[in-house]
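# An overview of the molecular structure
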Amino acid sequence: MNYLGLTMGALALVAMPVMAQETRPVTDHAGYTVEIPADPQRIVSLHDWTATVMTYELEGNLIGSSGRLDDAGNYFVRSGRELYDLGFDEIELASVHGELDMERIASLQPDLIIGNVGDTIEFREQLAAIAPTVMFDPMNGRTPLENYRELADWVDRTERFEELNTEYEARVAEVRTELFGDGPVPSYAAIMPNTESGEVRVFRNYGAQSTVLEDLGFSHAAIMDQVPETEQDASFSAEVIAQIDSDYVFLTHISDQGQTLETMMADFDQIAPGYRELLPAARNNRFISMSRFHVYPTTFAAMNYVLDDLLKTLK
Amino acid sequence: MNGVVVLRLGRHVSLPMSRRFLLVAPLLVAALLVSMFAALNLGSMQTSLADALAALFLPQDTLGDSARTVALFRMPRIAVAVLAGAMLAASGYLLQVVSRNGLADPGILGLSSGATVVVMGASFLYPAMPIENLGLLALAGSLGTALLVLGLGRNLLSGGGIILVGLSINIVLGALIEVILVSGSAMQFSRLVTWSRGTLSTVDGADLRLVLQWFVVLVPALILSSRMLAPLLLGEESARALGVRATAIYAFYVLLAAAFAAPVVAACGPVAFVGLMSSYIARRVVGDRPTEVVVTAMLSGGLILLWADTLGRTLFAPIIISAGVMVSVVGVLTFILAARLGQRFSSRED
């Protein structure tokens, strides 16, 4: 029996490296088919407020991430800091957002790198020379949760994703009942002023914010359907503001830059004077702005933050 | 021929060279070699001398992690910095001779803008276009712009007229870039942001091969034809009086200048000032003999871009400053230093 136990133990030890190297093919959001570890142990994410926070939330084996520099000279994980208190005391800084440092990334010895189509596709060949590299694209026209579910598969945390998703769906049902009961659910528009171009950015989806609104049963303004299906947002002439007849208008702001609901509304004054009288949502004081870094990532923590905010604001 | 030494190789080859060039060129070569070796040992990953030597001399599949990093990332970057700097210098000097204007630079003919318009336009129309194609598109954009400038300014090749045509095209292309930018969302162009700043951080083995292939073809063409540059320095009329077919030679050099700049724009994006500064430095240091000036300018250009990139990736690590930004800082400092050195040389000779 002892011999059998020893033999089994020895076989398990021999098998471990083989298991560690087990790979499987996945097709990433840039269309590349990549052989990735079945259970990645050293994940480096190169986009903080999408792949990093998602991998962290799912308890994937995240060892490093790209970060940003704040005004005080400290490196931080955008949205990771706000939603999870995640910082570079817990994981390694892989690069500073903007220009990747291949040597720093290589020194972390990752077994999976998650890039972002918008920011890191230029570096794909170099990254692939370090470790299997998959590109995530939060703006590929699919729903945010579909993309998140796919990322969960890449980092081998599908089970955890489904657990969190089940909890989230239950909470959405509760909040819907609490806010609207059996009555009708209002409509919304997700927009943003662009004072530089004098245009209005209209969002087909805006991460956790619009995901939660849609899941609660909010209908969206018709103008949002005019954003091409493969885009997250599109810029329109400020004249379209007259078409926004939704019950609510949802915005986001960056608190660190001194932005608030009032400053965002003042920006609308610049590009569309008179909108406060024209738009039903403005007339009825139903412009709502949320902290952008809390509500852009489509993580469950972000979606719960939106639900909390809505409970506070709408009740 | 005061201060000139004639190097003779057998009975048929004699190379007259100024004493100053014979002093400066080996010094620049030595400085370049030392700088390349220093750059090979500098980076965010701690590497040893043994890693650098292993990366240089051993096959890649036998290398450890540190040496492999040096071989994969630092070596192509250093080699491209030196080659690209030299090519921009050659391009800048040729344009300065053609235009008889010491401020000419590859950017001034619109080559960088041409590449940017084509790359951005293609990304706008075909968002799913593979990133690998961008280099070739930049190449086509640069060469296409050179041909356009040459076509429109074929009667204005001398006396700076071609530069005015180049500037005009540059303004039109700049406007086109604006039109493309306001027509799309920021995300459509975010993947071009790094490239458009002029950077070596995206450079890999494929970029090195591209730049090296063009370098190997173009440098002999430049050196072999460089004796035709001297008459052009006298002006078009004087060149004609000496029996030189000035118009054809002007056209040849404009195309050669574009060909030198195009692969650099394709690999690194638009990097300004290297051509202007290195040629100025070279003229101040070695005088006016075209072959000597162009060789000195190429060595200086290689040094400028190499140090701009090396300092950019090490000085403020983990923040990386693109070579395009650093070159303006390092370049201006080098420029001032060289100008002072040149003055000292001149006053000693006097």
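Keep in mind that what you see is a predicted model, and the values were worked out from it rather than measured.

### With respect to the overall build of chain A
- When you go through chain A residue by residue, the secondary structure sums to 14 helices and 14 strands.
- In terms of principal-axis extent, the alpha carbons of chain A reach across some 85 × 45 × 35 Å.
- Taking all contacts inside chain A whose residues are at least 6 apart in sequence as the whole, residues at least 24 apart take part in 66%.
- About 13,800 Å² of surface is accessible on chain A, with carbon and sulfur atoms providing 49% of the total.

### Side note on the packing of helix α2 (residues 49-57) of chain B against helix α3 (residues 65-99) of chain B
All names here are of chain B.
- In contact at an axis separation of 8 Å, α2 and α3 are set at 65° when each is read in the N-to-C sense. Of the two possible hands of crossing, α2 and α3 adopt the one that is right-handed. In this structure, α2 contributes D51, A52, A54, A55 and L56 to the contact, and α3 contributes S66, A67, V70, A71 and M75.
- Classifying every residue of the contact of α2 with α3 gives 8 nonpolar, 1 polar and 1 charged.

### Quick notes on the confidence of the model for chain A
Residue and element names in this part refer to chain A.
- For chain A, mean pLDDT is 90; residues scoring 70 or higher make up 93% of the total.
- When mean pLDDT is compared element by element in chain A, strand β3 (residues 43-45) scores highest at 98, while helix α1 (residues 2-20) scores lowest at 49.
- Across residues 11-19 the pLDDT falls below 50, and counting only partners more than four positions away or on other chains, this stretch makes 0 contacts in the model.

### Details of helix α1 (residues 19-40) of chain B
Residue and element names in this part refer to chain B.
- For α1, spanning 22 residues, the distance from its first C-alpha to its last is 32 Å, which sits close to the expected 32 Å at 1.5 Å a residue.
- Along α1, the residues that are buried comprise R20, F21, V24, A25, L28, L32, S35, A39 and L40. Projection of α1 onto a plane perpendicular to its axis shows the buried side chains occupying an angular sector of 140°, all on one side. Opposite the buried face of α1, by more than 90 degrees, sit the exposed residues R19, L27, L33 and V34.

### Comments concerning the interface of chain A and chain B
- With 26 residues of chain A in contact, the opposing surface of chain B contributes 31 residues.
- Regarding the contact of chain A and chain B, the summed buried area is about 2,500 Å², with carbon and sulfur atoms giving 53% of it.
- Of all residues in chain A, E99, E103 and E122 of chain A give up the largest surface area on contact with chain B, accounting jointly for 31% of the area buried on that side.
- In this assembly, chain A and chain B are joined by 2 salt bridges.
- The residue R313 of chain B makes a salt bridge to E103 of chain A at a minimum N-O spacing of 3.8 Å.
- For the interface between chain A and chain B, the tally reads 10 residue pairs in polar contact (both at pLDDT 80 or more).
- Only β6 (92-96), α4 (102-107), α5 (117-120) and α6 (124-130) of chain A provide two or more residues apiece to the side of chain A that touches chain B.
- Broken down by element, the residue count for the side of chain A that touches chain B peaks at 5 residues, all from α4 of chain A.

### Considering the domain arrangement of chain A
Residues and elements named next belong to chain A.
- Partitioning chain A into structural domains gives domain 1 (8-156) and domain 2 (180-314).
- The centre of domain 1, based on its C-alpha atoms, is set 30 Å off from the matching centre of domain 2.
- Domain 1 puts 19 residues into the contact, and the matching count from domain 2 is 18 residues.
- Both sides together, the interface formed by domain 1 and domain 2 hides about 1,600 Å², and carbon and sulfur atoms give 67% of it.
- Counting across the domain 1 and domain 2 interface gives 1 salt bridge.
- Taken together, the links from domain 1 to domain 2 amount to 6 residue pairs in polar contact (both at pLDDT 80 or more).
- Of all the secondary structure elements, the ones that give two or more residues to the side of domain 1 that touches domain 2 are α2 (48-57), α3 (80-84) and α7 (144-154).

### As for the packing of aromatic side chains
Residue and element names in this part refer to chain A.
- Scanning the entire structure with this criterion turns up 20 aromatic pairs over all chains.
- Geometrically, the ring pair formed by Y148 and F161 is edge-to-face, given 5.1 Å between the ring centres and 85° between the ring planes. Taken together, the residues span a long stretch of sequence, with Y148 in helix α7 and F161 in helix α8 (residues 158-180) at a distance of 13 residues. Across the pair, F161 and Y148 agree in class, each one buried.
- An aromatic cluster of three or more residues is present, and its members are W49, F203, Y206, F293 and Y296.
- The residue whose ring lies beneath R78 is W49, and the NZ or CZ to ring-centre distance is 4.9 Å.
- Across the ring face of F76, the terminal group of R81 is positioned such that the distance to the ring centre comes to 3.9 Å.

### A few points about the packing of α1 of chain B against α3 of chain B
All names here are of chain B.
- Remark: α1 packs on α3, axes separated minimally by 10 Å, with the N-to-C direction vectors making an angle of 150°. With respect to α3, the element α1 is oriented roughly antiparallel. The crossing of α1 and α3 is right-handed. For the pair α1 and α3, contact is made by L32, M36, A39 and L40 and by V70, R74, M75, I78 and V82, respectively.
- In terms of residue class, the contact of α1 with α3 is built from 8 nonpolar, no polar and 1 charged.

### Details of the pairing of strand β7 (residues 112-116) of chain A
Residue and element names in this part refer to chain A.
- With 5 of its 5 residues buried, β7 lies for the most part within the structure.
- The side-chain alternation of β7 yields two buried faces, one formed by L112, I114 and N116 and the other by I113 and G115.
- Direction of pairing for β3 relative to β7: parallel, over a ladder of 3 bridges. Residue pairing for β7: V44 is matched across the bridge by I113.
- Two strands pair when backbone bridges link them, and β7 and strand β8 (residues 133-136) are joined in this way by 4 bridges, in the parallel orientation. Across the sheet, the residue bridging to I113 is T133, located in β8.

### Looking at the environment of P290 of chain B
Residues and elements named next belong to chain B.
- Summarising the element assignment, P290 is placed in helix α13 (residues 290-314).
- Spatially, the C-alpha atoms of P290 and L94 are 9.4 Å apart, while their sequence positions differ by 196 residues.
- Residue contacts for P290: discarding those within four places in its chain leaves Y93, S226, L229, A230 and L233.

Parameters and conventions
Residues numbered from 1 in each chain as written. Chains lettered and ligands numbered in written order. Predicted model: local features only at pLDDT ≥ 70, side-chain atom pairs only at ≥ 80, totals over all residues. Heavy atoms only, no water. Helix = DSSP H or I, 4+ residues; strand = E, 2+ residues; numbered from the N terminus. Contact = heavy atoms within 4.5 Å. Areas by Shrake-Rupley, 256 points an atom, 1.4 Å probe, with all protein chains shown as cover. Axes fitted to C-alpha atoms, helices over the stretch in contact; angles between N-to-C directions. Left-handed = near helix turned anticlockwise from the far one by under 90°. Nonpolar A, V, L, I, M, F, W, Y, C, P; charged D, E, K, R; others polar. pLDDT = per-residue confidence, 0-100. Expected span 1.5 Å × (residues − 1). Buried < 20%, exposed > 50% of the residue type's maximum accessible area, 1.4 Å probe, protein only. Arc of directions from axis to C-beta. Buried area = accessible area lost by both parts, 1.4 Å probe. Salt bridge = Lys/Arg side-chain N within 4 Å of Asp/Glu carboxyl O. Polar contact = N/O pair within 3.5 Å; in protein donor to acceptor, adjacent residues only side chain to side chain. Domains from an automatic or database assignment. Phe/Tyr/Trp six-rings, centres within 6.5 Å; stacked < 30°, edge-to-face > 60°. Lys NZ or Arg CZ within 6 Å of the ring centre and 35° of its normal. Parallel < 35°, antiparallel > 145°, perpendicular 65-115°, else oblique. Pairing = 2+ DSSP bridges.

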